[in-house]
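Next come the chains, spelled out residue by residue.
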Amino acid sequence: MGKGFYISKSVGVVAIILGAGALATIIALSVVYSQEKAKNNDNVLPTDGGSTKPPVTTPAPSNNPWDKYRLPKSLVPEIYHVTLWPRLTPDETNNLYIFTGNSTVEFKCAEVTDLILIHSNKLNYTKLENNHLARLTSVNGDKAPSITKSWLEPLTQYLVLQLDGKLSKDHQYQLFTEFTGELADDLGGFYRSEYWENGERKVVATTQMQPTDARKAFPCFDEPAMKAIFHITLIHDAGTVALSNESMSTGHGLQTTVFEPTPKMSTYLLAFIVSDFGYINNTIDEVSVRIFARKPAIAAGQGDYALNITGPILKFFEKYYSSKYPLPKSGKSTTRIWFKDKYRPTFANCPESSSGGIPSVFISIIYWFGNLVTLRWWNDLWLNEGFASYVEYLGADEAEPDWNVKDLIVLSDVHRVFAVDALASSHPLSSKEEDIQKPAQISELFDAISYSKGASVLRMLSDFLTEEVFTLGLQTYLERFAFKNTVYTDLWKHLQMAVTANGTKLPDTVHNIMNTWVLQMGFPVVTINTTTGVVSQEHFLLDPDSEVTTPSQFNYQWIVPIKWMKTGIIQTPEWLTEKSATVQKMKASGEDWVLANLNVVGYYRVNYDVNNWRKLLTALSTNHEAIPVINRAQLVDDAFNLARAKIIPTVLALDTTKYLSREREYMPWDSAIGNLDFFFLMFDRSEVYGPIQDYLREQVTYLFRYYKNMTDSWTKVPNGHMDQYNQVNAISLACRTGLEECQNLTMGWFTQWMHTEINPIHPNLRSTVYCNAIAAGGAAEWEFAWSKFKNATIAIEADKLRYALACTKQPWLLNRYLEYTLMPEMIRKQDATSTIVYIANNVIGQSLAWDFVRARWSYIFSEYGGGSFSFSNLINGVTERFSTEFEIQQLRQFKEDNAEVGFGSGTLAVDQSIERTIANMKWIAENKDTVLKWFNDQNKA
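Residues numbered from 1 in each chain as written. Predicted model: local features only at pLDDT ≥ 70, side-chain atom pairs only at ≥ 80, totals over all residues. Heavy atoms only, no water.

Asks: How should I be thinking about the UniProt feature "binding site: Zn(2+)" (unreviewed entry) in the protein chain in this particular structure?
Replies: Per the UniProt record, "binding site: Zn(2+)" (unreviewed entry) is annotated on Glu385. Owing to a relative accessible area of 0%, Glu385 belongs among the buried residues under this scheme. (UniProt positions renumbered as here; feature names shortened; annotations may be inferred. Buried < 20%, exposed > 50% of the residue type's maximum accessible area, 1.4 Å probe, protein only.)

Asks: How should the pattern of salt bridges be read in this particular structure?
Replies: Where charged atoms from two side chains of opposite charge approach closely, those side chains can pair. Overall, the coordinates contain 39 salt bridges when judged by the stated rule. Glu200 is paired through a salt bridge with Lys202; the nearest N and O atoms lie 3.9 Å apart. When the shortest N-O distance is used, the salt bridge between Asp543 and Lys922 registers 3.5 Å. Taken together, the residues span a long stretch of sequence, with Asp543 in the loop between β25 (534-539) and β26 (560-562) and Lys922 in helix α27 (residues 907-940) at a distance of 379 residues. Residue classification places Asp543 among the buried residues on the basis of a relative accessible area of 8%. (Salt bridge = Lys/Arg side-chain N within 4 Å of Asp/Glu carboxyl O. Helix = DSSP H or I, 4+ residues; strand = E, 2+ residues; numbered from the N terminus.)

Asks: Sorry, what's going on with helix α12 (residues 610-623) here?
Replies: Think of an α-helix as turning once every 3.6 residues; residues three or four places apart then point the same way. When the terminal C-alpha atoms of α12 are compared, their 20 Å separation across 14 residues agrees well with the 20 Å that a helix rising 1.5 Å per residue should span. Among the residues making up α12, those that are buried are Asn612, Trp613, Lys615, Leu616, Leu617, Ala619 and Leu620. Residues of α12 that are buried sit in contact with β31 (594-596), β32 (605-608), α13 (629-644) and α14 (650-655). (Expected span 1.5 Å × (residues − 1). Contact = heavy atoms within 4.5 Å.)

Asks: Honestly, unusual backbone geometry in this entry has me stumped. Any pointers?
Replies: Negative phi values dominate among residues other than glycine, just as trans dominates among peptide bonds. Here Gln210 and Pro211 are connected by a cis peptide whose omega angle stands at 0°. With respect to the helices and strands, Pro211 occurs in the loop between β12 (200-208) and β13 (229-235). A positive phi angle is found at Asn404, which is not glycine, with a value near 60°. Tracing the backbone shows Asn404 in the loop between α5 (381-399) and α6 (409-421). For Tyr556, which is not glycine, the phi dihedral falls at a positive 55°. Its location among the elements puts Tyr556 in the loop between β25 and β26.

Asks: Would you explain the sheet that holds strand β9 (residues 158-167) in this entry?
Replies: What links the strands of a sheet is backbone hydrogen bonding, and the strands pair in either a parallel or an antiparallel sense. Taken in spatial order, the three strands of this open sheet run β5-β9-β8, and their pairing is antiparallel. Edge positions in the sheet fall to β5 (113-119) and β8 (147-153), since each of these pairs with one other strand and no more. Between one strand axis and the next, the sheet turns through 20° on average, direction left out of account. (Pairing = 2+ DSSP bridges. Axes fitted to C-alpha atoms, helices over the stretch in contact; angles between N-to-C directions.)

Asks: What's the story with helix α23 (residues 829-841) in this structure? I'm lost.
Replies: Judged by how many residues are buried, α23 sits mostly within the fold: 12 of 13 residues are covered. When we look at burial in α23, the residues that qualify are Lys829, Gln830, Asp831, Ala832, Thr833, Ser834, Thr835, Ile836, Val837, Tyr838, Ile839 and Ala840.

Asks: Any chance you could explain the side chain of Gln846 here in plain terms?
Replies: Assignment of secondary structure puts Gln846 in helix α24 (residues 846-863). For Gln846, a relative accessible area of 4% gives the class buried. At 3.1 Å, the side chain of Gln846 and the backbone oxygen of Val878 are in polar contact. Apart from residues no more than four positions distant in its own chain, Gln846 is found in contact with Arg685, Ile839, Ala840, Val878, Arg881, Phe882 and Glu887. (Polar contact = N/O pair within 3.5 Å; in protein donor to acceptor, adjacent residues only side chain to side chain.)

Asks: What is the right way to read the sheet that holds strand β27 (residues 564-566) from this model?
Replies: Here we have three strands laid out as an open sheet, ordered β28-β27-β31, and antiparallel in their pairing. Of all strands in the sheet, those with a lone pairing partner are β28 (569-570) and β31, marking the two edges. In this sheet, β28 lies alongside β27 in antiparallel orientation, the contact comprising two bridges. Residue pairing in the sheet places Met565 in a bridge with Ile570 of β28.

Asks: So what exactly am I meant to see when it comes to the state of the cysteines here?
Replies: A covalent bond between the sulfur atoms of two cysteines is what we call a disulfide. What the rule picks out here adds up to two disulfides. Paired through a disulfide, Cys735 and Cys742 show a sulfur-sulfur distance of 2.0 Å. Between Cys735 and Cys742 the disulfide shows an S-S torsion of about -95°. By sign, it is left-handed. Two residues share a disulfide in this structure: Cys771 and Cys807, whose sulfurs sit 2.0 Å from each other. When the S-S torsion is -100°, as for the bridge of Cys771 with Cys807, the disulfide is left-handed. One end of the pair, Cys771, is in helix α19 (residues 766-776); the other, Cys807, is in the loop between α21 (795-804) and α22 (811-821), and 36 residues separate them in sequence. (Disulfide = S-S within 2.5 Å.)

Asks: What am I meant to see in the UniProt feature "site: Transition state stabilizer" (unreviewed entry) in the protein chain here?
Replies: Residues given the UniProt feature "site: Transition state stabilizer" (unreviewed entry) here are Tyr451. Residue position: Tyr451 is located in helix α8 (residues 448-465).

Asks: Can you help me understand the packing of aromatic side chains in this one?
Replies: Centre-to-centre distance and the angle between the planes together describe a pair of aromatic rings. Summed over the entire model, instances satisfying the criterion amount to 61 aromatic pairs. Taken together, a centroid distance of 6.4 Å and an interplanar angle of 75° make the contact between Trp517 and Tyr603 edge-to-face. Linking Trp517 in helix α11 (residues 510-518) with Tyr603 in the loop between β31 and β32, this pair joins segments that are 86 residues apart in sequence. The exposure class of Tyr603 is buried, given its relative accessible area of 0%. (Phe/Tyr/Trp six-rings, centres within 6.5 Å; stacked < 30°, edge-to-face > 60°.)

Asks: It is not clear to me how the pairing of β9 should be interpreted in this structure. Could you clarify?
Replies: The side chains of a regular strand alternate, residue by residue, between the two faces of the sheet. The sheet contact formed by β5 and β9 spans six bridges and is antiparallel. For His119, the partnering residue across the bridge sits in β9 and is Tyr158. Bridge analysis of β8 against β9 gives six bridges, and the strand direction is antiparallel. Of the residues in β9, the one forming a bridge with Ile147 is Leu163. What sits between the antiparallel neighbours β8 and β9 is a turn of four residues, in which Gln157 has the positive phi angle 65°.

Asks: Teacher, can you tell me more about the packing of helix α15 (residues 666-683) against helix α16 (residues 689-710) here?
Replies: α16 packs onto α15 with a crossing angle of 165° between their chain directions and a minimal axis gap of 11 Å. On the basis of the axis angle, α15 is roughly antiparallel to α16. For the element pair α15 and α16, the recorded crossing hand is left-handed. Residue-level inspection shows Trp669, Leu676, Phe679, Phe680 and Phe683 of α15 in contact with α16, the latter providing Tyr689, Ile692, Gln693, Leu696, Gln699, Val700 and Leu703. Considered class by class, the residues forming the contact of α15 with α16 number 10 nonpolar, two polar and no charged. (Parallel < 35°, antiparallel > 145°, perpendicular 65-115°, else oblique. Left-handed = near helix turned anticlockwise from the far one by under 90°. Nonpolar A, V, L, I, M, F, W, Y, C, P; charged D, E, K, R; others polar.)

Asks: Would you mind showing me how to read the pairing of β12 here?
Replies: Summarising burial for β12: seven of the nine residues are buried, a large majority. The hairpin formed by strand β11 (residues 189-197) and β12 contains two residues between the paired strands, and Asn198 there has a positive phi angle of roughly 55°.

Asks: Is there a simple way to think about the side chain of Asn121 in this case?
Replies: Here Asn121 is to be found in the loop between β5 and β6 (123-125). Judged by its relative accessible area of 13%, Asn121 falls in the buried class. Those residues within four positions of Asn121 in sequence are excluded, and the remaining contacts are Gln157, Arg215 and Lys216.

Asks: Could you clarify how one ought to interpret the environment of Lys895 in this entry?
Replies: Structurally, Lys895 can be placed in helix α26 (residues 885-897). The exposure class of Lys895 is partly exposed, given its relative accessible area of 36%. Sequence-wise, Lys895 and Val910 are 15 residues apart; in three dimensions their C-alpha atoms are separated by 7.0 Å. Non-local contacts of Lys895, meaning those with residues more than four positions away in its chain, are made with Phe903, Val910, Asp911 and Ile914. A distance of 2.6 Å separates polar atoms of two side chains, one belonging to Lys895 and the other to Asp911.

Asks: Can you walk me through the confidence of the model for the protein chain in this structure?
Replies: The predicted structure's coordinates, where accompanied by low pLDDT, should not be read in detail. For the protein chain, the average pLDDT comes to 85, and 86% of its residues sit at 70 or higher. For residues 326-355, every residue scores under 50 in pLDDT, and the model assigns this stretch 154 contacts once sequence neighbours within four places are set aside. Contacts from residues 358-364, a stretch scored under 50 in pLDDT, to residues over four places away or in other chains number 57 contacts. (pLDDT = per-residue confidence, 0-100.)

Structure below.
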């Protein structure tokens with residue numbers, strides 16, 4: 001899965017690709033909307049800072065095999081036969097939703113043993129005729145040892161079977177079990193998800209196996225390297241449809257669906273759904289694509305866009321990988337799916353949808369790079385997820401070449417993860433295998449480092465190798481390791497083979513270059529002195545006073561590719577292989593200036609001597625288009641972060657915003673707004689807030705009026721995709737800073753909607769208009785929006801309203817909304833944590849949200865899943881504004897009070913929040929007076 005969504009935290013759209021005479025694999029496709037992504041970016045699976053160094057492995061309580069978290073190598077699974085029956089109505093006796101099932105796993109004995117360990121979590125087993133929890137038989141015809149003792153180990157999540165004799169090496173055995181599990185709404189394993197349709201509660205049985213929750217659905221050898229073939233049978237109610245990784249083979253009556261065997265694959269890749277969804281389909285080059293969704297959504301055309309672009313994108317990736325569907329050929333014309341993708345409903349609207357807003361297509365292709373070839377262990381998770389996060393931009397660009405989607409990786413991934421990776425509590429991309437053992441430790445790896453840093457360094461690698469060499473290496477890698485498990489260095493070897501074959505010149509091997517980026521945390525700031533030509537690097541830390549306790553075999557030095565230009569003319573790329581070097585060509589005299597890291601293809605920040613900074617600022621103020629648009633965004637982002645790290649003065653960073661009144665491009669504006677958000681967070685409770693508002697209102701007024709003219713007084717939609725994004729920025733910032741014309745505009749639209757019940761607000765603008773109108777209004781506006789939210793039939797519209805409801809300035813409404821987040825009939829469980837973060841983003845709601853989370857942490861943690869990726873986002877979100885001694889004391893107390901309860905995937909985020917709060921306190925103490933003076937001076941000018 002790529003970032004932006006978890007594979008099954010949804011009730012959305014399911015894309016099925018059907019092969020006629022050949023097999024097809026699934027393309028994980030999500031249609032993501034920019035504003036929703038900006039607000040929900042951290043919920044992806046993913047996090048706007050949710051990663052720190054992995055914890056030290058806790059010693060196992062004993063030397064018994066069942067007390068260790070890793071499976072022994074004695075047994076190797078080959079085939080599973082699994083039958084599951086989910087109940088979509090609660091049991092009358094206990095009011096629980098349950099599923100029942102049975103499983104037969106055929107395995108080979110690789111080492112003689114009298115013990116069977118198989119993963120199992122939260123499953124209740126039926127005692128069989130042998131009075132044990134399982135039955136063992138031999139495939140080879142000889143008698144299998146008898147089970148003498150069987151029990152469950154909840155801590156290490158095993159079903160343990162002791163035998164009265166040894167299993168024979170190279171012999172095959174079958175293990176049969178019958179079990180019952182709860183179809184809980186905990187977002188893990190085989191679980192239920194609910195939604196409302198025409199006033200009726202609908203229940204879907206769906207799955208989220210990654211990383212360690214297949215064991216919640218059936219007993220299995222639940223490690224990535226333990227690949228096997230799966231025969232899945234689903235029993236389900238009449239009128240529902242069952243979907244799984246493979247094609248439907250036979251149907252027995254209305255209630256049983258038997259699926260074709262899967263290819264050899266890991267347990268975490270399994271997926272199945274039981275629902276009453278409808279579908280639409282299309283056939284492209286003998287590949288039939290089906291889009292499943294709620295029947296009203298299908299009828300409203302919300303799956304049309306996904307249907308139209310899935311086929312072409314599949315073809316693009318076949319060409320990219322030089323590989324047909326990564327499945328064996330079949331002589332039958334059957335329906336086959338390898339790894340089913342489940343969209344959130346908000347991700348499937350077509351561009352013409354009545355509520356869709358601005359579409360951005362993101363295609364997450366992990367199915368060649370992750371399914372066909374699988375990581376050996378979770379310590380290399382970054383390679384799967386980072387690669388998917390990178391190539392989704394390539395697929396999106398193929399689907400919509402006019403949108404310039406590829407450039408957005410800089411804002412969405414590179415700049416995003418810089419904020420996390422600049423902390424002393426970050427961690428390397430690749431961890432030691434022995435440090436990642438427990439399920440909780442595995443879950444902690446699903447963070448911004450694995451997704452966004454992984455994508456960023458792979459993009460850099462692709463750039464300095466060239467895409468041609470990069471894809472050549474990928475293709476041989478996939479061919480060599482098809483249906484096998486690998487470690488990341490296997491990819492380096494194949495890329496090096498491509499480098500050698502192509503004659504590409506590099507300063508060192510791919511292995512040596514890339515290990516400096518993979519095996520040590522953080523990234524460098526490259527400083528260029530244009531007077532002397534000296535180019536140097538150092539480990540960039542957002543807080544220069546923080547102590548780095550994680551050692552690095554490279555002493556925090558990187559092999560850095562540098563693409564650069566001089567006064568608008570692109571120069572020959574350079575490499576920085578040492579701590580510092582002199583590059584004569586980088587000297588600049590007179591009016592010449594140097595700009596490095598063109599298009600931000602390198603994973604590093606850039607600093608310059610003061611004179612070069614001044615010349616770049618002059619270029620921005622006199623002819624900003626002489627600097628590439630991505631680098632205009634980079635200059636702003638680098639400057640603000642260099643200032644926070646005390647490398648350059650804060651006023652120099654603020655000076656990069658003075659040209660914005662002439663800027664019309666989306667990326668520089670978005671970069672500026674994102675960085676100035678930090679000033680809002682730090683000062684919106686102080687006297688500095690007013691002058692900030694005045695300055696930004698003046699700057700954004702030009703952009704606001706530019707789009708007013710472009711759209712003929714807001715009656716038309718901008719043609720350009722980036723203009724559609726930036727129009728939202730213009731209205732949002734103008735209203736936020738108190739531009740009266742903007743506030744009247746948004747309130748007028750909202751009032752018209754309330755009075756007429758006809759929504760006049762264009763889908764592109766609804767999120768920001770709703771928020772500003774609710775902020776300016778009172779209880780009537782909030783109640784109207786709540787009513788619309790509860791009755792919304794289009795998921796993306798519901799999400800916009802859910803976000804906007806957090807914008808009210810009425811504390812009693814915010815407190816009520818917080819209470820709703822823990823009431824699944826009001827706010828769906830999968831939306832609870834993001835809703836709390838929305839409320840915390842509101843300066844009035846921040847303290848309310850923090851008090852709420854502290855008071856209810858034990859309940860939130862137990863009911864919303866310790867492995868839920870959103871916990872890191874929740875903790876970071878509610879503490880983002882922290883900047884006082886009182887708040888740091890509260891944070892430390894929160895950590896102490898809940899040490900026994902735990903924090904799940906938020907464990908590392910707690911320490912990160914403490915570190916960030918300390919840095920915020922220092923920054924305010926050192927900069928408040930200077931910042932206040934700068935804004936006052938600008939407002940007087």
